[in-house]
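Structural overview for review
Below are the chains, spelled out letter by letter.
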Amino acid sequence: MILLISCNISFAQNKPGKNQDKESFLNELIGKMTLEEKLGQLTLYTSDMSVTGPVIRDTYKQDIMEGKCGNIFNAYSPEYTKKLQDLAMKSRLKIPLLFGYDVIHGHKTIFPLPLGESCAWDTILSEKSARIAAVEASADGLHWTFSPMVDISRDPRWGRVAEGSGEDPCLGSAIARAKVRGYQGTDLKSKETILSCVKHFALYGAPIAGRDYNTVDMSMQSMFNTYLPPYKAAIDAGAATVMSSFNEVNGVPASANSWLMNDLLRKQWGFKGFVVTDYTSINEMVYHGNVADEYEAGVAALNAGIDMDMQGSVYYTYLKKALENKHVKIEDIDIAVYRILDAKWQLGLFEDPYRYSNIKTAKTAIMTPANLQTAEEIAKASMVLLKNENNLLPLQATGKIAFIGPFVKNKRDLIGNWSGAGNWMQSKNLWDAVVARTAGKAELLYAIGANVTEDTVLIKKMHIQEFIDKRSKDELINEAIEVAGRADIIVLTLGESEGMSGEAASRSDITIPANQQELLKRIHAMGKPIVLLLSNGRPLALTWEDKNIPAILETWFLGTQSGPAISSVLFGDYNPSGKITMTFPRSVGQVPIYYASKNTGRPFDNNIKYSSKYLDIENTPLYSFGFGLSYTNYSYSNLKLNKTSFTADETIEACIEIKNTGKMDGSEIVQLYVQDLVGSSTRPLKELKRFSKVFLKAGESKQICFTINKEDLMYYNADMERVLEPGKFKLFIGKNSNEVETVEFEIK
Ligand code: NOJ
């Protein structure tokens, strides 16, 4: 019966009629679909970009032509996406394929790693990089990015902190909104916008012990006050899709978690788009142990409100049987199909399935000089100056400068992990940039000094090819010492390889790898001035470095324009202004460590035995959240409120004077925090509520004013009610979470 109907359906019928509205078109289309075709729309398969070019399994090709696969990821370029779309146009109903990809920090023009970019505290720049990523990705045949990743994390052992915006919900939410705006613009029908995908819903950033994929077990208060706000912010900004996370949330894997997807995301938050799983996470429920087999996993996922199955084929394989057994309902399958077709409609794919596969656009929109310039601007804004004793930085381009370390000539690592379609060979390294910058002025010397790591077990576990200089560790160090011996000043570039952070890259030791530390200590023993440039994807424990090295610049992984950006800061063409968005611990033993901690009943006091402290280390971090230096100095004074006593509905205005007291123009990131002094539930010592980046010429002063209101003071209490509780509060404004001016106010 169904087959008979199918023979009469032509492509023209699946284009919306002239004035046909979405609902009637999609419902009509769903009415024509067989169960197999419906399950096909719930299926997402990967293509592979291999050395010989893009390939897709023959079985997937067949599935596309038979309407059994409606979505593909890891396929891009106008030519290749067109080829695949041609297959979909051979299917009975000719429903266009949706092409997704991990456009995480840029498509081909690669921007800094998200953690690095967040240190710019600049939502305009965050939106700009997402906008450019969307323009390039859409020009390259893509419809959908698996970004933004908005998982709050307070554990630098977790490798995926590299992909997020750090530890704070206020900053994280602001960046989440900016990213959604950047990817989706104001009109998804524009050929330059793509669907965003908020991930990983939910709480993926809080695995126990920082080990990727590990169990998440969290109080409802922590969830709602700290971890959930960025997801909600992205949904409120209109994010079209959501990705369920690998982890369990308090005993139920996210992809089977009906409370998360149906109750919270859809009912409470009003999310209307579709939810895709993370890679095979329906299948992985069998390992979680909440289901006996994949059949049960598929049932659990669909009933939990998961629409699309990434790569696992569980829906496709088992939902027919589950329907016959009445374990799932056809209405739920139809709703999921509707949501996915709706996304395709919004992109205009039913009108023209090829609208994103345009060779001409791809040639003109990707890696343009303007895109590269913006990438460089963002890279400069992302760096954080952690230490600068006696103003060692910026360097003068004179004398003999030795550049030593595994990141000087390196391109592969500097582009960072999750660099998607970015070609690291097109990225710019530090060496070429400093050679150009100092030409005719300074003599530059070079030695690699060390491989990123000599730990063969670690290299094997990373499953990636590390660039290795085959000489022995001692040979490399000796060469570096000889080179350093001829220099007046030494710039050492040390850190992690790109594969040491990111997915499945948790570390229990977050120091600089041992062989590089040995290099550093040997060079340090020579007694010459050293500037340490760090490349890494997570906060590192830098206690020795902080104690012994006069200047430290955190450069993260800055993407395509790494070299020129770092060189600009190094030689003072750009005044660094970034501030860290994750606390840097003194030692991994303090982790998780974060600024918005609570006082406890026995607050830290070294003189009291029974106080909350460690015997062998300070409680304080090495570098506090929000910390970062500049080549100039800023003074804060005269913090004032419009009043000191407010009713709940009144607006609180806080103003402060900030002066650039140094000799260089610069931008300062000003931060406003609040503490609720007495709550029915205990409250953090500080919570970020506002921030602003202010440009000040040398010697210039400005008054900066912020307003906050009731919403900013509310929280979820022990009964999970969102309340504003009258009483005393402290308001702080300062240069970081530790150095602040303070006033008190009261809510009556
Ligand atoms: C697994 C990762 O967790 C997720 O972030 C990514 O989007 C998917 N794989 C697809 O590549």
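Rules behind the numbers
- Residues numbered from 1 in each chain as written.
- Predicted model: local features only at pLDDT ≥ 70, side-chain atom pairs only at ≥ 80, totals over all residues.
- Heavy atoms only, no water.
- Helix = DSSP H or I, 4+ residues; strand = E, 2+ residues; numbered from the N terminus.
- Rg over C-alpha atoms; globule rule 2.2 N^0.38 Å.
- Buried < 20%, exposed > 50% of the residue type's maximum accessible area, 1.4 Å probe, protein only.
- Contact = heavy atoms within 4.5 Å.
- Areas by Shrake-Rupley, 256 points an atom, 1.4 Å probe, with all protein chains shown as cover.
- Lys, Arg positive; Asp, Glu negative; His and termini not counted.
- Charge placed at Lys NZ, Arg CZ, Asp CG, Glu CD.
- Disulfide = S-S within 2.5 Å.
- Near = heavy atom within 4 Å.
- Polar contact = N/O pair within 3.5 Å; in protein donor to acceptor, adjacent residues only side chain to side chain.
- Nonpolar A, V, L, I, M, F, W, Y, C, P; charged D, E, K, R; others polar.
- Pairing = 2+ DSSP bridges.
- Axes fitted to C-alpha atoms, helices over the stretch in contact; angles between N-to-C directions.
- Salt bridge = Lys/Arg side-chain N within 4 Å of Asp/Glu carboxyl O.
- Expected span 1.5 Å × (residues − 1).
- Domains from an automatic or database assignment.
- Buried area = accessible area lost by both parts, 1.4 Å probe.

In terms of helices and strands, the chain carries 24 helices and 28 strands. Its C-alpha atoms give the chain a radius of gyration of 27 Å, near enough to 27 Å, the size a compact globule of 748 residues would have. For the chain, the spread of C-alpha atoms along the principal axes amounts to about 85 × 65 × 45 Å. Buried residues in the chain amount to 61% of all 748 residues. Restricting the contact set of the chain to residue pairs at least 6 apart, pairs at least 24 apart contribute 78%. Put simply, the chain shows about 28,800 Å² of open surface, and 51% of that area lies on carbon and sulfur atoms. The positive charge centre, built from 83 side chains, and the negative charge centre, built from 88, are 3 Å apart in the chain.

Attention now moves to unusual backbone geometry. Residues serine 147 and proline 148 are joined by a peptide bond in cis, for which omega reads 10 degrees. Within the secondary structure, proline 148 sits in the loop between strand S6 (144-145) and helix H8 (169-184). The omega angle of the peptide bond from lysine 199 to histidine 200 is -5 degrees, so this bond is cis rather than trans. Structurally, the position occupied by histidine 200 is in strand S7 (residues 197-201).

Going through the model one piece at a time under the given rule, you end up with 1 disulfide. Paired by a disulfide, cysteine 655 and cysteine 705 hold their sulfur atoms 2.0 Å apart. Because the sign of the S-S torsion sets the handedness, a value of about 115 degrees for the bond joining cysteine 655 and cysteine 705 places this disulfide among the right-handed ones. Placement of cysteine 655 in strand S21 (residues 652-660) and of cysteine 705 in strand S24 (residues 701-708) is noted, with a sequence separation of 50 residues between them. Its relative accessible area of 10% is what places cysteine 655 among the buried residues. Here cysteine 119 is not disulfide-linked; the sulfur of cysteine 170 is the nearest cysteine sulfur, at 15 Å.

Around the ligand, the structure places Phe73, Asp102, Phe146, Arg160, Lys199, His200, Met243, Phe246, Asp278, Met310, Trp418 and Glu503. A distance of 2.5 Å is found between an oxygen atom of the ligand and a side-chain nitrogen or oxygen belonging to aspartate 102. With respect to the ligand, the side chain of lysine 199 contributes an N or O atom lying 2.8 Å from an oxygen atom. Notes on the ligand: free accessible area 300 Å², of which the protein chains cover 94%. A breakdown of the residues in the shell around the ligand according to their chemical character gives 6 nonpolar, 1 polar and 5 charged.

Once that is clear, we can look at the sheet that holds strand S12 (residues 309-310). Overall, parallel pairing links the 5 strands, which are arranged S6-S5-S4-S1-S12 in an open sheet. In this open sheet, the two edge strands, each paired with only one partner strand, are S6 and S12. Judged from the 3 bridges that link them, strand S4 (residues 71-73) and strand S5 (residues 98-101) form a sheet pairing that is parallel. From the neighbouring strand, isoleucine 72 faces S5, where its bridge partner is phenylalanine 99.

Next up on the list: the sheet that holds strand S15 (residues 443-447). Judged by pairing direction, the sheet is mixed, and its 6 strands sit side by side in the order S13-S18-S17-S16-S14-S15 without closing on themselves. With partners counted over all chains shown, the strands left at the sheet margins are strand S13 (384-388) and S15, one partner each. Strand after strand, the sheet turns through a mean of 15 degrees between neighbouring axes, direction not considered. As judged from the 5 bridges shared by strand S14 (residues 400-404) and S15, these two strands associate in the parallel manner. Within S15, the position partnered with lysine 400 by the bridge is glutamate 443. Running over the sheet, helix H18 (residues 430-438) touches S14, S15, strand S16 (489-495) and strand S17 (530-535) and is turned about 165 degrees from S15.

Under the defined criterion, the tally for this structure stands at 39 salt bridges. With its nearest N and O atoms 2.7 Å apart, the salt bridge here joins arginine 157 to aspartate 155. For the residue pair arginine 157 and aspartate 155, the accessibility class agrees, reading buried in each case. Residue aspartate 307 is joined to arginine 266 by a salt bridge in which the shortest nitrogen-to-oxygen separation is 2.7 Å. Taken together, the residues span a long stretch of sequence, with aspartate 307 in the loop between helix H13 (294-303) and S12 and arginine 266 in helix H11 (residues 258-268) at a distance of 41 residues. Considered together, aspartate 307 and arginine 266 belong to a single accessibility category, that of buried residues.

Let's shift gears to helix H7 (residues 123-139). For H7, built from 17 residues, the straight-helix expectation of 24 Å at 1.5 Å per residue is met to within 8% by its first-to-last C-alpha distance of 24 Å. The element H7 is extensively covered by neighbouring structure, given that 12 of its 17 residues are classed as buried. Looking at H7, one finds that the buried residues are Leu125, Ser126, Ser129, Ala130, Ile132, Ala133, Ala134, Val135, Glu136, Ala137, Ser138 and Ala139. Lining the buried residues of H7 we find helix H5 (78-88), helix H6 (114-118), H8, helix H16 (359-365) and helix H17 (369-382).

With domains assigned, the chain is organised as domain 1 (375-580) and domain 2 (634-747). Taken together, the contacts link 6 residues of domain 1 with 9 residues of domain 2. Summed over both sides, the interface between domain 1 and domain 2 buries roughly 560 Å², with carbon and sulfur atoms accounting for 51% of that surface. Applying the counting criterion to the domain 1 and domain 2 interface returns 1 salt bridge. A salt bridge links glutamate 668 to lysine 579, with the nearest nitrogen and oxygen atoms 3.1 Å apart. At the boundary of domain 1 and domain 2, one finds 4 residue pairs in polar contact (both at pLDDT 80 or more).

What follows concerns the environment of tyrosine 574. For tyrosine 574, the location among the structural elements is in the loop between helix H23 (562-570) and strand S19 (634-641). Look at tyrosine 574 and you get partly exposed, because its relative accessible area is 22%. The spacing of tyrosine 574 and aspartate 665 is 91 residues in sequence and 9.4 Å in space, taken between C-alpha atoms. Once residues within four sequence positions are removed from consideration, tyrosine 574 is found in contact with Lys380, Ala381, Ser568, Val569 and Tyr631.

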